[in-house]
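Commentary on secondary and tertiary structure
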Amino acid sequence: MSIEKIVSLCKRRGFIFQSSEIYGGFGAIYDYGPLGISLKNNISQLWWKEMTQLHENIVGLDSGILMHPKVWEASGHIGAFNDPLVDCKECKARYRADELFEGELGDGDWMKIQCPKCGTTGNLTEPRQFNLMFKTHVGPIEEDSNIAYLRPETAQGIYVNYLLTQNAMRLKVPFGIAQIGKAFRNEIVARNFIFRTREFEQMEMQYFVKPGDDDESMKDWKAKRIKFYDQLGIDSKKLRFHEHGPNELAHYAKEAWDIEFEFPFGWSEIEGIHNRTDYDLARHQESSGKKMEIFDQQKNDRFLPFIIETSAGLNRMMLAVLSDAYWNDEENNRIVMKFHPKISPITAVVCPLVKKDGLPELGREVMDILKPHFKVIYDQQGSIGKRYYRQDEAGTPYGITVDHQSVEDRTVTLRDRDTQVQKRISIDNLVNAINDSMEAY
Ligand code: GAP
């Protein structure tokens, strides 16, 4: 299955649109349509619940996208958040050097490498370091003294607020702070739809532990994070861990693991789990001159905690969900998005069989019963088969038909998206029946 099929379905059904399409599109930015925002919200709410509700010692935060520029100096992003950029002088194609060659090359060796686009050799420039942060100016005058950066990760907002949060919530190590928010990176090569974009959302959790407890905590979080993907209904055979080798480790990390998914374009990272040690807090302490240490009352001692970070891309997670859900049901000549019912953008469609004999009125009554519990839509256009197939493609797990018998005995049929089996159910039982089916999925 190709990524193009998903891109096309996403546009057709209102999941994801290219940004500013009427102007020819805007590179590597995407907009989320009605079904897309619903799916994305459902995924992020699961993550938020997992972190801040199911863990008593993890609290939430929402920090600004713009922060004091010193934050990025201290974090190392101004100095080290670079990608090596290579241009082809012949066809003007642009690459990240690590896409063309892994490992180290000496001066002039780039001349021996072939351009994958035009096939010529000897036309690639030496790699130049390119900082990935977007710059802007704060205030009316554009000068170097008021440069600010759009955050390239949400993590730093947590670090600079961690002591305020710890004090306010009376937290004791180990504890965590979770945040969902936009991040921006001026990616050199942005491709594969919403996989690598210049504006994206991160779901990050920073877990503060005693130095020495970090290796054990890393193990715990690896196990917890991979388990989370069960809730999204993702096939576990399409998930694996990848450990970062010394050449891949970010400037702040002692140990790092990626959770990878088998996308239509190959195995790629969805989420990173990093042991950031006390790197960030130590840097902020040094740069700001403010103590970043935690006071241990029992030992009457102060220390800088180590940080285990779990950092997932919401858009990538959604692309994994979309790729995994896509099912070409050839036998029945239909496309089905087999989302887990708990994250489907729409839970049920209510369809009166015909537009007369009191069926639309009863259909509306069923809508009113279901609305407080689920996202439901009403559809009376076209044949019942066509209506169902439309919803199969949108990933709606339940179809409810109101027919002539419904008016007589207040029962409806409940159709299952995957099996297409229909059961007759009393209207009073619908909410329970849907909830039970969602739990059992
Ligand atoms: N705070 C650590 C951090 O930002 P990262 O590995 O650079 O680590 C974490 O990014 C996650 O953010 C990635 O696993 C990916 O899911 C997502 N991400 C990073 N860059 C992205 C981009 N350009 N487009 C979409 N998602 C991206």
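To start, this report covers the structure provided alongside it. Numbers given to residues run from 1 along each chain, matching the order in which its sequence is written. Restriction of local features to residues with pLDDT of at least 70 applies here, the model being predicted, together with a cutoff of 80 or more for giving and counting side-chain atom pairs; totals for whole chains, interfaces and linings are based on all residues. Side-chain metrics in this entry use all non-hydrogen atoms of the structure; hydrogen atoms and water are not considered.

Right, let's get into the state of the cysteines. Two cysteine sulfur atoms form a disulfide, by the criterion used here, when they sit within 2.5 Å. Across all of its chains, the model carries zero disulfides by this definition. In this structure Cys115 is a free cysteine whose sulfur lies 3.7 Å from that of Cys91, the closest cysteine sulfur available. Exposed residues in this analysis have more than 50% of their type's maximum accessible area, buried residues have under 20%, and partly exposed residues fall in between, with area computed by a 1.4 Å probe over protein chains only. The exposure class of Cys115 is buried, given its relative accessible area of 1%.

Buried Ala, Val, Leu, Ile, Met, Phe, Trp, Tyr and Cys residues that are joined via side-chain atoms within 4.5 Å together make up what is termed a nonpolar core. Counting residues in each nonpolar core, the largest one holds 53 residues, and the members touching the most others are Leu232 and Leu322. Helix numbering and strand numbering both begin at the N terminus, where a helix is a DSSP run of H or I of at least 4 residues and a strand a DSSP run of E of at least 2. Tallying contributions element by element places helix 9 (residues 314–325) first for this core, with eight residues. Here Leu322 is in contact with Ile6, Cys10, Phe15, Ile16, Leu39, Met337 and Phe339, once residues within four sequence places are set aside. Membership of the second largest hydrophobic core comes to 22 residues, among which are Ala348, Tyr398, Val412 and Val431. Contacts are assigned to residue pairs that have any heavy atoms within 4.5 Å of one another.

For the rest of this paragraph, the subject is the site of the ligand. If even one non-hydrogen atom of a residue comes within 4 Å of a molecule or strand, that residue is called near it. Around the ligand, the structure places 21 residues, and the nearest of them are Glu153, Glu204, Glu269, Ile270 and Glu309. Under this definition, polar contacts are N or O atom pairs within 3.5 Å; protein pairs additionally need one hydrogen-donor-capable and one acceptor-capable atom, and for neighbouring residues in sequence, both atoms have to be side-chain atoms. Note that an oxygen atom of the ligand is positioned 2.9 Å from one of the side-chain N or O atoms of Arg185. At a separation of 2.8 Å, a nitrogen atom of the ligand approaches a polar side-chain atom of Glu309. When the free accessible area of the ligand is taken as 560 Å², the share hidden by the protein chains comes to 93%. Of all the elements in the fold, those that place two or more residues in the shell around the ligand are strand 10 (199–209), strand 13 (266–277) and strand 16 (306–313). Looking at which element gives the most residues to the shell around the ligand, the answer is strand 13, with six residues. Residue classes in the shell around the ligand are distributed as five nonpolar, six polar and 10 charged. Using the Shrake-Rupley algorithm and a 1.4 Å probe, accessible areas are obtained, with residue cover drawn only from the displayed protein chains. Asp, Glu, Lys and Arg are counted as charged, while Ala, Val, Leu, Ile, Met, Phe, Trp, Tyr, Cys and Pro are counted as nonpolar; the rest, among them Gly, fall into the polar class.

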